[in-house]
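Analysis of the macromolecular model
What follows is each chain in one-letter form.
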Amino acid sequence: MTGAVRTLPPRPRGLRDWRLARDRLRTLWRRSLRFRTILITVTLTAVTILATCLAMALVIQNELFSARKDQVLLEAQRATAAAQATLDAAVDSTDPAAAQTLMNGIATRLSQQSSSDLIALYRIGPPSPLAPQPFISPAFESNLVTDALRTQVQSSPDLQWWQSVALPSDGGREVPGILVGHQLRFPASDGVDSYELYMGYDLVSASQTLSFVQVLLWVVGLVLVVLIGAIAWFVLRSVTTPIADAAETSAKLAAGDLGVRLPVRGEDELATLNRSFNAMADSIESQIKELADLSLVQQRFVSDVSHELRTPLTTIKLAADMINDQREEFDPATGRAAELLHAQVQRFEVLLTDLLEISRYDAGSVQLELEPTSLAHLAEDVILSMEQLAEGHGSDVRLV
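Residues numbered from 1 in each chain as written. Predicted model: local features only at pLDDT ≥ 70, side-chain atom pairs only at ≥ 80, totals over all residues. Heavy atoms only, no water.

**Considering the overall build of the chain**
Put simply, the rule reads: Secondary structure elements are taken from DSSP: a helix is a run of H or I of four residues or more, a strand is a run of E of two residues or more, and numbering for both begins at the N terminus. Our radius of gyration is a C-alpha quantity, and the globule rule it is checked against amounts to 2.2 Å times the number of residues to the power 0.38. For every residue, the accessible area obtained with a 1.4 Å probe (protein chains only) is divided by the maximum for its type, and the residue is called buried under 20%, exposed over 50%, and partly exposed between those limits. Should any heavy atoms of two residues lie within 4.5 Å, those residues are counted as being in contact. In short, Shrake-Rupley with a 1.4 Å probe defines the accessible areas, and a residue's cover is counted only from the protein chains shown.
Looking only at helices and strands, the chain has nine helices and five strands in total. Since a compact globule built from 400 residues should have a radius of gyration of about 21 Å, the 55 Å found for the chain marks it as more spread out than a globular shape. With the C-alpha coordinates of the chain rotated into their principal frame, the extents come out at 175 × 80 × 45 Å. The 400 residues of the chain split such that 25% are buried. When contacts within the chain are restricted to residue pairs at least 6 apart in sequence, those whose partners lie at least 24 apart make up 61%. Split by element, the accessible area of the chain, about 27,200 Å² in all, is 60% carbon and sulfur.

See the structure below:
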């Protein structure tokens, strides 16, 4: 029975690069205090500047619109008042041609008195052959006037009304604008004819000013973010570099290099920290030297004692060997004591030899070599050495 081996397709390179970059950022976030602090500072600064720029842009936009609106309304009010004064000074005439000429003159005067080239005059009421025909400038579109605005203008002859509209511009584009509505009263043979007057003003200049201010705000905000990030990096570098030096020096001190110290500059908190660290290192070094000197004294003492014990031990060993050789001439209890004495003297000699070896190991003159040892044999030796004492107390010691 055979089986097919399926090979998985390789992962896309972009996905691998993205995951690798993500892992690196996570590692940098966990291990770098400087990176983490700078990232948090820049992020919070960017959010704050973004909110501030948006608020300032909205405030400037409202202020520009309000200023332009007040200017437009005042200009329209003056133009309407001048046109109405001209109409009030006109002589009533039943000639339609003269009335139409008056209408055209009023339209021309409105254009001269205001900066608007979008002017429309509509007669209120049914059409009349004697009344002037409505005037509509070529660029004015009738659909700019909403029914709500016409109703307000028709119902309030002495008030000024306005609304925000999208005005046509060159190239088929639309620009924001304001449409202002009034009433004008034309003299007529049978009284007064009322006309709706509409003038459109574009807000292109205000829009351009707003665009310039917004671009300036974003550029300034971006520069502030970069500057604050650079300042944060510089400040953090001046703080974290001594901390990194202290961590590196601590690692060297822990590794056994007792001579390392931190440089002390100035009298600030970091200088105080470095002084405290150096004082701690001096104390540790002195204590370690004291312990090393004490260890040398102990090694010398053990070596001297071991050497001094060899002379009496040799004499005791000779006497124990002589007694052990004659143990058969003694009674059983004394013979057993002679055997134990000989065994303990040999053990003491072994212990003394081990003590000398240990002192050499501490001095570093020999290397430790391990060898297997039977714990059962060691236990048997201990039981044999304690057998006579156990019998004297009526105890039975056995090895299981």
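**Regarding the pairing of strand β1 (residues 118–123)**
What counts is decided by this rule: Pairs of strands are assigned from DSSP output, requiring at least two bridges between the strands.
Counted residue by residue, β1 has five buried out of six residues, so it is predominantly covered. Where β1 lies against strand β2 (residues 135–136), two bridges are found, and the strand directions are antiparallel. Within the sheet, the bridge partner assigned to Leu-121 lies in β2 and is Phe-135.

**With respect to the packing of aromatic side chains**
The description of two aromatic rings rests on the distance between their centres and on the angle between their planes. Here is the rule: Stacked, edge-to-face and tilted are the three classes for Phe, Tyr and Trp ring pairs, Trp counted by its six-membered ring, which pair at centre distances within 6.5 Å; planes under 30 degrees apart are stacked, over 60 edge-to-face, the rest tilted. For a Lys NZ or an Arg CZ to count as sitting over a ring, it must be within 6 Å of the ring centre and within 35 degrees of the ring normal.
Enumeration over the complete set of coordinates arrives at two aromatic pairs. Measuring from ring centre to ring centre gives 6.1 Å for Phe-65 and Trp-162, while their planes differ by 55 degrees; the resulting arrangement is tilted. Of this pair, Phe-65 sits in helix α2 (residues 33–89) while Trp-162 sits in strand β3 (residues 161–168), and the two are 97 residues apart along the sequence. Residue classification places Phe-65 among the partly exposed positions, given a relative accessible area of 27%. A cation over a ring is seen here: Arg-150 above Tyr-122, with NZ or CZ 5.0 Å from the ring centre.

**Brief notes about helix α5 (residues 204–254)**
Rule in force here: How far a helix is expected to stretch is found by multiplying one less than its residue total by 1.5 Å. Fitting one axis to the seven residues ending at a residue and another to the seven starting there, the bend at that residue is the angle between the two axes.
Taking 1.5 Å as the rise per residue, α5 with 51 residues should run 75 Å; its terminal C-alpha atoms sit 72 Å apart, in good agreement. Bending of α5 peaks at approximately 30 degrees at the position of Arg-237. Positioned one or two residues after α5, Gly-256 has a phi angle of 115 degrees, which is positive.

**Considerations on the pattern of salt bridges**
Operational definition: What makes a salt bridge here is a side-chain nitrogen of Lys or Arg within 4 Å of a carboxyl oxygen of Asp or Glu, nothing more.
Counting across every chain of the model gives nine salt bridges. With a closest N to O distance of 2.5 Å, Arg-261 and Asp-282 form a salt bridge. With Arg-261 in the loop between α5 and α6 (269–325) and Asp-282 in helix α6, this pair connects stretches of sequence that are 21 residues apart. Look at Asp-282 and you get partly exposed, because its relative accessible area is 39%. For Asp-321, the salt bridge goes to Lys-317, with nearest N and O atoms at 3.2 Å. With Asp-321 and Lys-317 both in helix α6, this residue pair falls four residues apart, about one helical turn. Counted as one network, the salt bridges with shared partners bring together Arg-261, Asp-282, Glu-285 and Lys-289.

**Overview of the layout of surface pockets**
The cut-off we apply is this: Computed over the protein atoms alone on a 1 Å grid, cavities are sets of points where a 1.4 Å probe fits but cannot get out and pockets are open sets with protein on both sides within 12 Å along at least five of seven lines; a residue lines them when it has an atom within 4 Å of a point. Grid points are joined across faces, edges and corners, and a volume is the space filled by probe spheres set on the points.
Considering only enclosed or pocket space, the largest pocket measures out at about 370 Å³ in volume. Surrounding the largest pocket, 14 residues form its lining, Ala-343, Arg-347, Leu-378, Asp-381 and Val-382 being those nearest its centre. Those elements giving two or more residues to the lining of the largest pocket turn out to be α7 (332–363) and α8 (375–385). By residue number, the principal contributor to the lining of the largest pocket is α7, which donates nine residues.

**Side note on the packing of α5 against α6**
Applicable threshold: Inter-axis angles, ranging from 0 to 180 degrees, are taken between N-to-C directions of lines fitted to C-alpha atoms, where helices are fitted over the stretch in contact. Here the word oblique covers every angle except those under 35 degrees (roughly parallel), over 145 (roughly antiparallel) and from 65 to 115 (roughly perpendicular). Residue polarity is assigned by list, with Asp, Glu, Lys and Arg as charged and Ala, Val, Leu, Ile, Met, Phe, Trp, Tyr, Cys and Pro as nonpolar; anything else, Gly included, falls into the polar class.
Here α5 crosses α6 at 5 degrees, and the two axes come no closer than 11 Å. Classified by the angle between their axes, α5 and α6 sit roughly parallel to one another. In contact with Ser-238, Pro-242, Ala-246, Thr-249, Ser-250 and Leu-253 of α5, α6 contributes Leu-270, Phe-277, Ala-281 and Ile-284. Considered class by class, the residues forming the contact of α5 with α6 number seven nonpolar, three polar and no charged.

**Comments concerning the environment of Asn-62**
The residue Asn-62 is located in helix α2 in this model. Accessibility expressed as a relative area gives 49% for Asn-62, which makes it partly exposed. In sequence terms Asn-62 and Leu-210 are 148 residues apart; their C-alpha atoms lie 9.9 Å from each other.

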